[in-house]
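Close look at the chain arrangement
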Amino acid sequence: MKALHFKKWLLEPNQTLIHLKARLLLVLLIAAGFTGNFFRFPIFFGVDFLFGSIATLIIVRIYGVWWGTAAAFIASSYTYFAWEHPFGIIIFTCETLFVGMFLRRHNQNILLLDGMFWLLVGMPMVVIIYSTFLPVDLTQLLLLMFKQSINGIFNALVANLFILGCSQQNWTGLQGVRTTLSLRNILLNLLVAFVFFPSLTLMMMDSQQAVREIETRIQTNLQVLSVDMAAQVQQWYQQSLGSAKELAKFVADLENTSASKLQQNVELLQRSLSQFQNMEVEDIRNWRDGRSI
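I will try to describe carefully the structure that is included in this document. Values in this document were obtained by computation on a predicted structure and should not be read as measured data.

The backbone of E84 shows a phi angle near 65°, a positive value even though the residue is not glycine. Here E84 is to be found in the loop between α5 (78-83) and α6 (87-103). When its relative accessible area of 69% is taken as the criterion, E84 is described as exposed.

Have a look at this one:
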């Protein structure tokens, strides 16, 4: 019996090794999803382009909806620290859940399913959540809505191309992972890629150029304002110093200056210059007696 068992182990696939490879690939993909969100591409003024959902959509295709949803939650958790709100986690997790639920039932094309999500669910979610809980105006809301949808569709396109390119490879040893190649599927992805990649590249280059021009214009305006502000501060300083010197002359010549006249000069100075509002005239002899007038 032992010899038969040993021969059976030699002839059958090593299931332990297969599951080890599957778990290792899952961990690597989850780490890649988190890393893709960590090394985000800043477009302008706090608007970032994320890449984490590429790995999570691949996980959905290989491991199923629940592992993909859990991976999406873990990968998108970094957005809470980057954006200081949890709404990115909610939206990206729902994206993966939607794609995973319909992937094996109706359609094998991740790109189409992801586009359906953003059109039917994702964009309305962005509008409702951001307009309700965040202080954004209409322009910012539209920008965030289109940015999130374009970002998600781009990542789905990359994930779909990766899956199609590796369709005949089974790195995990799990059954049912291979994807059937379809001419319609291949042409659709290539057509979208030929349109999407150049357009997105040009858009990012234009946005970066616009940001640099805005920053340069802001620096120029700040320099002009700083020069004008420095001149105003210098003028204020000279005026205040001159007024204080004139008052000091009256105080220095107390023997020839009456207290009432000194008080009048102080009140005039207070009316003309607001920074002297708290100035008072005290008699040092009263301070020696432990009280003030």
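Anyway, onward from the coordinates.
Applying the stated criterion across every chain, the model contains 13 aromatic pairs. Ring pairs connect the aromatic residues F34, F38, F39 and Y78, which therefore count as one cluster.

L29, I58, I59, Y63 and I110 are the most contacted members of the largest nonpolar core, which has 31 residues in total. Within the residue set of this core, elements represented by two or more residues are α2 (15-38), β2 (47-49), α3 (52-63), α6, α7 (110-133), α8 (138-165) and α9 (183-252). With eight residues, α3 is the single largest residue contributor to this core. Residues within four places of I110 in sequence aside, it is in contact with L57, R61, V99, L103, A156, N160 and I163. Of all hydrophobic cores here, the second largest spans 16 residues; its members include W83, F87, V126 and L141.

Turning our attention to the packing of α7 against α8. Packed helices, taken two at a time, are described by their axes: the angle between them and the distance between them. The geometry of α7 relative to α8 is characterised by a closest axis approach of 9 Å and an angle of 155° between their N-to-C directions. As far as their axial angle goes, α8 and α7 are roughly antiparallel. Two packed elements cross with a definite hand, and for α7 against α8 that hand is right-handed. Facing α7, whose interface residues are I110, L111, D114, G115, W118, M123, V126, V127, Y130 and S131, α8 presents L141, L144, M145, F146, Q148, S149, G152, I153, A156, L157, N160 and I163. Among the residues making up the contact of α7 with α8, the classes are represented as 15 nonpolar, six polar and one charged.

As a further point, take the pattern of salt bridges. Under the counting rule described, the total for this entry stands at one salt bridge. Put simply, R40 and D48 hold a salt bridge, and the shortest N to O gap is 2.8 Å.

Our focus in this paragraph is the side chain of Q148. Here Q148 lies in helix α8. Judged by relative accessible area, which is 1%, Q148 ranks as buried. A polar atom in the side chain of Q148 sits 3.4 Å from the side chain of K147. Those residues in contact with Q148 that sit more than four places away from it in its chain are W83, F92, W118, V126 and Y130.

Let's shift gears to α6. Helix length check: α6 (17 residues) gives 24 Å between terminal C-alpha atoms against 24 Å at 1.5 Å per residue, within 8%. When you tally the buried positions in α6, you get twelve out of 17 residues, the bulk of the element. Where the residues of α6 are buried, they touch α3, α4 (65-76), α5, α7 and α8.

Calculation criteria
Residue numbers run consecutively from 1 along every chain, following the written order of its sequence. With pLDDT at 70 or above as the cut-off, local features in this predicted model cover only qualifying residues; side-chain atom pairs require 80 or more to be listed or tallied, and sums for whole chains, interfaces and linings still use all residues. For side-chain calculations, the full set of non-hydrogen atoms in the structure is used, while hydrogens and water are omitted. Helix and strand definitions follow DSSP, with helices as H or I runs of at least four residues and strands as E runs of at least two, each counted in order from the N terminus. Residue burial is assigned from relative accessible area. The probe radius is 1.4 Å, only protein chains are included, and a residue is buried under 20% of its type maximum, exposed over 50%, and partly exposed in between. Working definition: a ring pair exists when centres of Phe, Tyr or Trp rings (six-membered ring for Trp) sit within 6.5 Å. Plane angles under 30 degrees give stacked, over 60 give edge-to-face, the rest tilted. Among the buried residues, those of types Ala, Val, Leu, Ile, Met, Phe, Trp, Tyr and Cys that are joined through side-chain atoms within 4.5 Å form a nonpolar core. In what follows, a contact means two residues having at least one pair of non-hydrogen atoms within 4.5 Å. For helices, the fitted line uses only the C-alpha atoms of the stretch in contact; every axis is such a line through C-alpha atoms, and the angle between N-to-C directions lies from 0 to 180 degrees. In what follows, roughly perpendicular refers to angles from 65 to 115 degrees, roughly parallel to angles under 35, roughly antiparallel to angles over 145, and oblique to any angle outside these ranges. Whether a crossing is left-handed or right-handed is set by the direction in which the near helix is turned from the far one by less than a right angle, anticlockwise for left-handed and clockwise for right-handed. Residues are grouped as follows: Ala, Val, Leu, Ile, Met, Phe, Trp, Tyr, Cys and Pro are nonpolar; Asp, Glu, Lys and Arg are charged; every other residue, Gly included, is polar. Salt bridge criterion: a side-chain nitrogen from Lys or Arg within 4 Å of a carboxyl oxygen from Asp or Glu. Counted as a polar contact is a pair of N or O atoms within 3.5 Å, where, for protein atoms, one must be capable of donating a hydrogen and the other of accepting one, and residues adjacent in sequence contribute only when both atoms are in side chains. Residue count minus one, scaled by 1.5 Å, sets the expected span of a helix.

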